[in-house]
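# Commentary on secondary and tertiary structure
Here's the letter readout for the chains.
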2 protein chains.
Amino acid sequence: MIDEGVSLGEARDEFVTQWGIMGAQWGINRTMAQIHALLMTAPDVMSTDEVMETLEISRGNAHTNLKDLVSWGLIRIVTKKGERKEFFEAEKDVWEIFRRVARERKRREIEPALETLRNCKAASEGMKSPEGRAFHEQMDQLEDFVSFASRMGDRVASMQHGKAIKLAMKFFS
Amino acid sequence: MIDEGVSLGEARDEFVTQWGIMGAQWGINRTMAQIHALLMTAPDVMSTDEVMETLEISRGNAHTNLKDLVSWGLIRIVTKKGERKEFFEAEKDVWEIFRRVARERKRREIEPALETLRNCKAASEGMKSPEGRAFHEQMDQLEDFVSFASRMGDRVASMQHGKAIKLAMKFFS
DNA sequence: ATCTGCTTCCAGTATTTACTGAAAGTTCAT
DNA sequence: ATGAACTTTCAGTAAATACTGGAAGCAGAT
């Protein structure tokens, strides 16, 4: 196919763009999502400069977002022998990506939320007025739900792919 | 308890503030999340003016976000007989809240993402180069995963609370 | 037809968030 | 110790997003 290179490039661009939009909707910075998409579909590791060129972004921007992706565990730094430059490569296994995102969001967002719910619950403990009791009850239910969901997340995230599939099958039975 | 009113107010403020921050991290506008928190913990229905006053926001802002919450199915409009004003009340059942958020996010965000993945998959169908094949394979895996997760979401969201709990118990067995 | 009480829209503005580019920092080779 | 190759930081700026307040729209009462 004479233009496979071109059309592959186009498909990849499309993917990068859309992954960026999607990330933004989920509270992830667009550039970070784009770099992630780029690396997920890169046939080989990429340097900061290659990322900069491809997405037409500044060094600072590329650097910040690459480091963030590393801290999320979604990409890793690779060094080539004889070269001082750092290269990056993305985790490509979809289940592994899911697990890492789940783990990080839990740590960064769920845990603090639970903390707040527990505070609000404690602050309204033992109130006698109907309003106070209703508030306490609402906090209690939210806390229950969120901590339950959090434990579910842990459980799923700690599973191997195969086991998760099996369980899901049971779920659909 | 002589200051129960005050401390309840404080606890509620804390909850509203933190729910707002949390919402923002999940890609939901802060004010929208705050109004939601406010109504979830309101002992009674509230009017637009009450919301405006409590959160110290403009009419336009309150209006937009109240309507958005209605479109998410998280609050509903209530009218009192003899009054022309609209009042709002929040869904308070945690499971129901979860179901509605899941359903909307699926519709608004997952479906379009799947669409893109399918496009990219189709665009790289039958490519011969290793890069093309790798890309196609990656899109395929992502599409599988996302559509699977989406079906799981449907399944859970269509369950009654009691049944979900039972299933979850089985899950932890 | 006009007024009143309320809802909706939207142009302009403020706030937040993201990005740039240049300078400073680091590390290793010589 | 100097310099080359690369990474990191950050003040300033640009872009995106959210908010305000007034004006327009709408519907029921008079």
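In what follows, the structure referred to is the one given above.
My aim in this report is to walk through the structure given alongside it, one point at a time.

Rules and cut-offs
Residues numbered from 1 in each chain as written. Chains lettered and ligands numbered in written order. Predicted model: local features only at pLDDT ≥ 70, side-chain atom pairs only at ≥ 80, totals over all residues. Heavy atoms only, no water. Near = heavy atom within 4 Å. Polar contact = N/O pair within 3.5 Å; in protein donor to acceptor, adjacent residues only side chain to side chain. Helix = DSSP H or I, 4+ residues; strand = E, 2+ residues; numbered from the N terminus. Nonpolar A, V, L, I, M, F, W, Y, C, P; charged D, E, K, R; others polar. Pairing = 2+ DSSP bridges. Contact = heavy atoms within 4.5 Å. Axes fitted to C-alpha atoms, helices over the stretch in contact; angles between N-to-C directions. Parallel < 35°, antiparallel > 145°, perpendicular 65-115°, else oblique. Left-handed = near helix turned anticlockwise from the far one by under 90°. Phe/Tyr/Trp six-rings, centres within 6.5 Å; stacked < 30°, edge-to-face > 60°. Buried < 20%, exposed > 50% of the residue type's maximum accessible area, 1.4 Å probe, protein only.

### Quick notes on the protein's contact with DNA strand D
- Around DNA strand D there are 16 residues in total, and His63, Lys67 and Glu86 of chain A together with Thr31 and Ser58 of chain B lie nearest to it.
- Sugar and phosphate atoms represent 67% of those atoms of DNA strand D found within 4 Å of the protein.
- In the environment of DNA strand D, a phosphate oxygen lies 2.5 Å from a nitrogen or oxygen atom belonging to the side chain of Lys67 of chain A.
- Asn29 of chain B places a polar side-chain atom, nitrogen or oxygen, 3.3 Å from a phosphate oxygen of DNA strand D.
- When residues of the surface near DNA strand D are traced back to their parent elements, those giving at least two are α4 (59-71) of chain A together with α4 (59-71) of chain B.
- Of all the elements, α4 of chain A adds the most residues to the surface near DNA strand D, at four residues.
- Residues of the surface near DNA strand D, tallied by class, amount to one nonpolar, eight polar and seven charged.

### A short note on unusual backbone geometry
- Located in the positive-phi region is Glu56 of chain A, a residue other than glycine, with phi close to 55 degrees.
- For Glu56 of chain A, the location among the structural elements is in the loop between α3 (48-55) and α4.

### Topic: the sheet that holds strand β2 (residues 75-79) of chain B
All names here are of chain B.
- Taken together, the three strands give an open sheet; going across it, the order is β1-β3-β2, and neighbouring strands pair in antiparallel fashion. Each edge of the sheet is formed by a strand with only one pairing partner; in this case those strands are β1 (46-47) and β2.
- Each of β1, β2 and β3 (86-90) touches helix α2 (residues 30-40); the most contacted strand, β3, lies at about 85 degrees to it.

### Overview of the packing of helix α2 (residues 30-40) of chain A against α3 of chain A
Residues and elements named next belong to chain A.
- Two elements in contact, α2 and α3, have axes separated by 11 Å at closest approach and are oriented at 110 degrees. Comparing their axes, α3 and α2 come out roughly perpendicular. Judged by the twist between their axes, the crossing of α2 over α3 is right-handed. Along the contact surface, α2 presents Gln34, Ile35 and Leu38, while α3 presents Val51, Thr54 and Leu55.
- Taken together, the residues that form the contact of α2 with α3 break down as four nonpolar, two polar and no charged.

### Description of the packing of aromatic side chains
- For the structure shown, the criterion picks out ten aromatic pairs over all chains.
- For the pair Phe15 of chain A and Phe135 of chain B, a centre-to-centre distance of 6.4 Å together with 80 degrees between the ring planes defines the contact as edge-to-face. Here Phe15 of chain A is found in helix α1 (residues 4-25), whereas its partner Phe135 of chain B is found in helix α6 (residues 130-157) on a different chain.
- Residue Phe135 of chain B is classed as buried on the basis of its relative accessible area of 3%.
- On the numbers, 5.3 Å between centres and 55 degrees between planes, the contact of Phe98 of chain A with Phe145 of chain B is tilted. Remark: Phe145 of chain B occurs in helix α6 and Phe98 of chain A occurs in helix α5 (residues 94-123); the pair is interchain, linking two chains.
- Judged by relative accessible area, which is 32%, Phe98 of chain A ranks as partly exposed.
- Ring-pair connections join several aromatic residues into one group, and the members of that group are Phe15 and Trp19 of chain A together with Phe135 of chain B.

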